[in-house]
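Below are the chains, spelled out letter by letter.
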Amino acid sequence: MSNDKPLPVHADLFEATLHASLSNAALESMNFLNEIGMRYPDAISFASGRPYEEFFDVGLIHSYLDTYCAHLMRERGWSAGQVRRLLFQYGRTKGIIGDLIARHLELDERITADPESIVVTVGCQEAMFCVLRALRRDGRDVVLAVDPSYVGLTGAALLADMPVWPVRSGASGIDLDDLSAQAARARAAGLRPRGCYVIPDFSNPEGVSLSVPHRRRLLDTAAREGLLLLEDNPYGLFHDGTALPTLKALDTGRRVVYLGSFAKTGFPGARVGYVIADQRVAGRRGEVCLLADHVAKIKSMVSVNTSPVAQALVGGKLLEHGCCLTAANARETQVYQRNLRQVLDGLAARFGGAGVSWNRPRGGFFIVLTVPFTADDAMCEYAAREHGVVWTPMSHFYTKGGLSQLRLAFSQLTPGQIETGLDRLAAFVRDSRSHRPVISTSITISNG
Ligand SMILES: Cc1ncc(COP(=O)(O)O)c(C=O)c1O
């Protein structure tokens, strides 16, 4: 309770004098759905791409930690004192589970990675920031990214002072002609496109996957244009039984910097991700090191090291499943596939021929619905208040546009919630087609 007078504004502090990212609406996107979810707790949320919660169990955390510690003692011959120090002390900046991650990558993704080229980070988010920071020398450097893109990338780029240069995306993913055209335009403007961010599997927000020939052409285009590809792959394991090779698995020229996350295949509360940056970098005195070494230097000044306790939990989960996350996520994948089919069937039953269209991904967490009206933040709030259903306005992911599209995330919902949620969504769409409610609110996306 507070009946104090409001504190005076600090005389020297103006938003306009703080970091430019703070005045950019993109930085508020991460909070949007949290806020709306809290304001309308009874609304069914198709908004956030969070993992399914029914399998969460505090007992697993104890078990993962015990498994990792037992591994260090039995397999590596560590003493109890060494294990204690590892968990309680500051640690190595590149992390302590690079070997287990390399094994997982070999088994699940057919990626061969030297553990020295892996930096374990505080979520994929920190990996994105550190890589972009490393690639930005000065104001001429830009990163290309498909439009629409994941808000975490946009935010990391803002913090790294690295403008995002949009590239067109179609029903089959990144438009390669436009990629070359945009790289040329950026160069003609005196800029240096350093890399292109892509999510080749079940992208966020579009749910789009690149075919294998498209992946190969993307690698060729990147080589021709002298671009790194920043491949982000949090959803690739959640497929219908047909796994496509990652760009990194197809990459023979070390073009791909691979951004990994355990937020969906492990659990997001651990906040553990990683980057494989195996590119060789020439130094000023002719010495050669890995891009990972430079990324680690940046990380050492951002977070020193990723919590060894958190890494031990992810390490324990990996060990309990022989480092195979496909096996570790068998139940979760079934749930996501079931939910995906239920949403697709439910949309067909409710919206067939109604001027509403949607895409049909084979996996992942997201579907995009196109509607015949503006589906912006105000409409999202209207849907939450009047119809008890929440979704994400696609405009959050576009540099501009996307106003008649909404993203549906289905990963966290039960079958009952999906049925009720789709009924509510159908009522909202009927209502919104007939009239456009006048609402003025300023609300600002939770994770995912
Ligand atoms: C495209 C994309 N990248 C990465 C992540 C996960 O990032 P983190 O490991 O920081 O939770 C997400 C989660 O929503 C995502 O959608």
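Values in this document were obtained by computation on a predicted structure and should not be read as measured data.

Analysis parameters
- Residues numbered from 1 in each chain as written.
- Predicted model: local features only at pLDDT ≥ 70, side-chain atom pairs only at ≥ 80, totals over all residues.
- Heavy atoms only, no water.
- Pairing = 2+ DSSP bridges.
- Helix = DSSP H or I, 4+ residues; strand = E, 2+ residues; numbered from the N terminus.
- Contact = heavy atoms within 4.5 Å.
- Axes fitted to C-alpha atoms, helices over the stretch in contact; angles between N-to-C directions.
- Buried < 20%, exposed > 50% of the residue type's maximum accessible area, 1.4 Å probe, protein only.
- Polar contact = N/O pair within 3.5 Å; in protein donor to acceptor, adjacent residues only side chain to side chain.
- Right-handed = clockwise from strand over helix to strand, strands pointing away.
- Expected span 1.5 Å × (residues − 1).
- Arc of directions from axis to C-beta.

What to know about the sheet that holds strand β16 (residues 405-409)
Then comes step 1: Taken in spatial order, the 4 strands make up an open sheet running β12-β13-β16-β15, and their pairing is antiparallel. Looking at which strands have only one partner, the edges of the open sheet turn out to be β12 (357-358) and β15 (392-393).
Then comes step 2: In the packing of helix α13 (residues 330-351) onto the sheet, the strands contacted are β12, β13 (366-370) and β16, and the crossing angle to β13 comes to about 15°.

Examining the side chain of Gln405
Then comes step 1: Of note, Gln405 is situated in strand β16.
Then comes step 2: With relative accessibility at 18%, the residue Gln405 sits in the buried group.
Then comes step 3: Within polar-contact distance, the side chain of Gln405 engages the side chain of Thr370 at 3.4 Å.
Then comes step 4: Non-local contacts of Gln405, meaning those with residues more than four positions away in its chain, are made with Val368, Leu369, Thr370, Ala375, Thr392, Pro393, Met394 and Tyr398.

A short note on the pairing of strand β4 (residues 164-170)
Regular strands place their side chains on alternate faces of the sheet.
Then comes step 1: Pairing analysis gives 5 bridges linking strand β3 (residues 141-147) to β4, with the strands arranged parallel. Bridging across to β4, Leu144 finds its partner in Trp165.
Then comes step 2: Here β4 pairs with strand β5 (residues 173-174) via 2 bridges, running antiparallel. From the neighbouring strand, Ser169 faces β5, where its bridge partner is Ile174.
Then comes step 3: Counting the residues between successive antiparallel strands, the hairpin from β4 to β5 contains 2 residues.

Here's the deal with unusual backbone geometry
Then comes step 1: Along the chain, Asp147 connects to Pro148 via a cis peptide bond; the corresponding omega equals 15°.
Then comes step 2: Looking at the element boundaries, Pro148 is found in the loop between β3 and α6 (151-159).
Then comes step 3: In this chain, Asn204 is followed by Pro205 through a cis amide linkage whose omega measures 15°.
Then comes step 4: Relative to the helices and strands, Pro205 is located in the loop between β6 (192-198) and α8 (212-225).
Then comes step 5: Positive phi, close to 50°, is recorded for Arg110, a residue that is not glycine.
Then comes step 6: Note on placement: Arg110 falls in the loop between α4 (98-109) and β2 (118-121).

Considering the pairing of strand β7 (residues 228-232)
Then comes step 1: Burial analysis of β7 places 5 of its 5 residues in the buried class, which makes it a mostly covered element.
Then comes step 2: Burial along β7 is two-sided: Leu228, Leu230 and Asp232 and Leu229 and Glu231, pointing in opposite directions, are all buried.
Then comes step 3: With 4 bridges joining them, β6 and β7 adopt parallel strand pairing. Each residue of the ladder has a partner; that of Tyr197, found in β7, is Leu230.
Then comes step 4: Once you follow β6 into α8 and on to β7, the crossover reads as right-handed.
Then comes step 5: Examined bridge by bridge, β7 and strand β8 (residues 256-261) share 4 bridges and lie parallel to one another. The residue of β8 that forms the bridge with Leu230 is Val257.

Examining helix α10 (residues 291-302)
Then comes step 1: Its 12 residues give α10 an end-to-end C-alpha distance of 17 Å, which sits within 8% of 16 Å, the value for a rise of 1.5 Å per residue.
Then comes step 2: Burial in α10 covers these residues: Leu291, Ala292, Val295, Ala296 and Lys299. The buried residues of α10 occupy an angular sector of 135° when the element is viewed end-on, so they sit on one face. Set apart from the buried face of α10 by more than 90 degrees, the exposed residues are Lys297 and Met301.
Then comes step 3: Considering only its buried residues, α10 is in contact with β2, α5 (123-135), β8, β9 (273-276), β10 (280-282) and β11 (288-290).
Then comes step 4: Downstream of α10 by one or two residues, Val304 has phi in the positive range, about 65°.

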